[in-house]
Amino acid sequence: MEIDARIAQTIVENIKDAVSHNINFFNTNGICIASTDPSRVGSKHEAALLAAKENRAIAVDDNHQYRGARNGINVPVIFNQEVVAVIGITGKRQEVEPFGTVLKKMTEILVMENYERLARYDRRLLMASLTTAIVQSPPDKALITYLAGNLNVDVQQDYICILGLCSTTGSRSLQDQAFQAIDLCLSQDFPHLHKQYFFTLAAQEFHLFLQYREEDTSSGAEELASALANRLKQALPPGDSRPVIGISQPFCGLDNFPIAYRQAEDAARWAQFKGQGNGLWYDQLDLGLVDSHLSRREADRLISRVLGNFMPDRIKAAQRLFSEYTKNNGSIIHTADSLFLHKNTVQNQLNRLARLTGYNPRNLNDYAVLYLAFTLLQFRDSQSIETDISDPSSI
């Protein structure tokens, strides 16, 4: 194992306050790669080389001289039962030798921490690469096999996709906290629910592919989704809302990963729009299925066909009228009360809605068309998708 010079310098900076002497960090070839004395960096040190080869502390004093070495103590640093570096203290032997064991332990702890940090970072990169590759269509099977092998996951098993919409995941520190929250939830809160998983964080989203076995229940997946939302809520800044989560159908096979990803995204965005909380399954979608299977062009055509005669500044008022009319189950009196209007005014506005659209909300067949058009318009507004309803001929 080779230790990067930047990491070595970080370790030196972290332990220099423990002793009032110069600290030197050597690789296993006896080359100084980091030091509190910049002039030592790059020099060859025979005592450090011997300490690395023989895995023992080597002292340097007037009676024991080594080329390139100054008086002091040099101790090997052990990681995974092998020497990975040598740490040295410059000074009189009798003064610095007592610090040898302490400095060795401190350095080994810091090497371990840096290794674990790098391992976590490498794992995140591998998971992000696998998640990106596996939702592409057609899949790059060679790349997926390589990445999955490095993560020790079998992508030929049954999986579900869980997609969460988060309000904040921007900064590096928030990314770290979010990763830790998801890892803790999967490894500690629900160790019985899964065997294999991989996930990544994107801009204000997280994407998780989780092995789904026959004995796993839908309620178990919903509990996991809720727990993920709670963990992320605790990790993200105060005031952030809980993530809204969508869950795909269970699936198997590389070709189905992109389909499951889209299913989970459709479920999450519909749950966000309807305010239905966490853990909405794709199978639970109603009108969300219509919207997810309509292209933007097709949806805009329907919206324009039904609502295109409204002036842009009047569409919101019509939308509110129709929404209250729906909430009050078609009661003109109750709709008037909720809008603080006279019932005759509501009657006139409903007549105007029928006149401008060609669909009468008091007719059940016409109501269904109006409901779909207004719902599609609201959903697109909530997703910040601009819809042109003013000119039907432009579609």
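Just so you know, these numbers come straight off a predicted model, no measurement behind them.

(A) Structural detail: the overall build of the protein chain. Looking only at helices and strands, the protein chain has 14 helices and 11 strands in total. A compact globule built from 395 residues would reach a C-alpha radius of gyration of about 21 Å, whereas the protein chain, at 32 Å, exceeds it by more than 25%. When its C-alpha atoms are laid out on the principal axes, the protein chain stretches across 110 × 45 × 40 Å. When contacts within the protein chain are restricted to residue pairs at least 6 apart in sequence, those whose partners lie at least 24 apart make up 59%.

(B) Inspection of the sheet that holds strand β4 (residues 72-79) at higher detail. The strand order across the open sheet built from five strands is β2-β1-β5-β4-β3, with neighbouring strands paired in antiparallel fashion. The outermost strands of the open sheet, each flanked by one partner alone, are β2 (32-35) and β3 (58-60). Between one strand axis and the next, the sheet turns through 25° on average, direction left out of account. Bridge count for strand β1 (residues 23-26) against β2 is three bridges, and the pairing is antiparallel. Each residue of the ladder has a partner; that of F26, found in β2, is C32. Of the strands in this sheet, β1, β2 and β5 (82-90) are in contact with helix α1 (residues 5-15), which crosses β2 at around 35°.

(C) Main features of the pairing of strand β7 (residues 197-202). With five of six residues buried, β7 is to be regarded as a mostly interior element. Where β7 lies against strand β8 (residues 205-211), six bridges are found, and the strand directions are antiparallel. For F198, the partnering residue across the bridge sits in β8 and is F209. Counting the residues in the hairpin turn of β7 and β8 gives two residues, including Q204, whose phi is positive at 60°.

(D) Inspection of the pattern of salt bridges at higher detail. As enumerated under the stated definition, the model contains 15 salt bridges in all. We note a salt bridge from E54 to R56, for which the minimum N-O separation is 2.5 Å. Judged by relative accessible area, which is 41%, E54 ranks as partly exposed. The class of R56 is partly exposed, set by a relative accessible area of 41%. Here E108 and K104 are joined by a salt bridge, their closest N and O atoms 3.1 Å apart. One end of the pair is E108 and the other is K104, both in helix α4 (residues 100-134) and four residues apart, which spans about a single turn. Here E108 matches K104 in class, with each residue buried.

(E) Layout of the side chain of S35. As for its placement among the helices and strands, S35 is situated in strand β2. A polar atom in the side chain of S35 sits 3.3 Å from the backbone oxygen of I23. Among the polar contacts listed, one links the side chain of S35 to the backbone nitrogen of D37, at a separation of 2.9 Å. Apart from the residues lying within four places of it in its own chain, the contact partners of S35 are Q9, V12, I23, N24, R40 and V41.

(F) Just the nonpolar core, in detail. The biggest cluster of nonpolar side chains holds 51 residues, and the ones touching the most others in it are I162, F198 and F206. If one sorts the elements of this core by residue count, helix α7 (residues 218-235) sits on top with eight residues. Residues contacting I162, with those up to four places away along its chain left out, are F206, H207, L208, L210, L224, L228, I245, G246 and I247. Ranked by size, the runner-up nonpolar core spans 24 residues in total, among them I11, V12, A85 and I87.

(G) A look at a nonpolar patch on the surface. The grouping of M1, M112 and Y115 at the surface amounts to a nonpolar patch, some 260 Å² of accessible area in total. Checked against the element boundaries, M1 lands in the segment before α1.

(H) Spotlight on helix α10 (residues 296-307). Here α10 spans 16 Å end to end across 12 residues, near enough to the 16 Å set by a 1.5 Å rise per residue. Those residues of α10 that sit buried are A299, D300, I303, S304, V306 and L307. Looking at the packing, one finds that the buried side of α10 touches α11 (315-327), α13 (343-357) and α14 (364-382).

(I) Representation of α1 within the structure. For α1, the set of buried residues is I7, A8, I11, V12 and I15. Buried residues of α1, viewed axially, fall in a sector of 140°; they line one side. Buried residues along α1 sit against β1, β2, β5 and α4.

(J) Up close: the confidence of the model for the protein chain. With 91% of its residues at a pLDDT of 70 or more, the protein chain shows a mean pLDDT of 86. For the stretch residues 386-395, pLDDT sits under 50, and the model shows 22 contacts to residues farther than four places along the chain or on other chains.

Rules and cut-offs
Residues numbered from 1 in each chain as written. Predicted model: local features only at pLDDT ≥ 70, side-chain atom pairs only at ≥ 80, totals over all residues. Heavy atoms only, no water. Helix = DSSP H or I, 4+ residues; strand = E, 2+ residues; numbered from the N terminus. Rg over C-alpha atoms; globule rule 2.2 N^0.38 Å. Contact = heavy atoms within 4.5 Å. Pairing = 2+ DSSP bridges. Axes fitted to C-alpha atoms, helices over the stretch in contact; angles between N-to-C directions. Buried < 20%, exposed > 50% of the residue type's maximum accessible area, 1.4 Å probe, protein only. Salt bridge = Lys/Arg side-chain N within 4 Å of Asp/Glu carboxyl O. Polar contact = N/O pair within 3.5 Å; in protein donor to acceptor, adjacent residues only side chain to side chain. Core = buried A, V, L, I, M, F, W, Y, C linked by side-chain atoms within 4.5 Å. Patch = residues over 30% accessible without salt bridge, like charges linked within 9 Å, V, L, I, M, F, W, Y side chains within 5 Å. Areas by Shrake-Rupley, 256 points an atom, 1.4 Å probe, with all protein chains shown as cover. Expected span 1.5 Å × (residues − 1). Arc of directions from axis to C-beta. pLDDT = per-residue confidence, 0-100.

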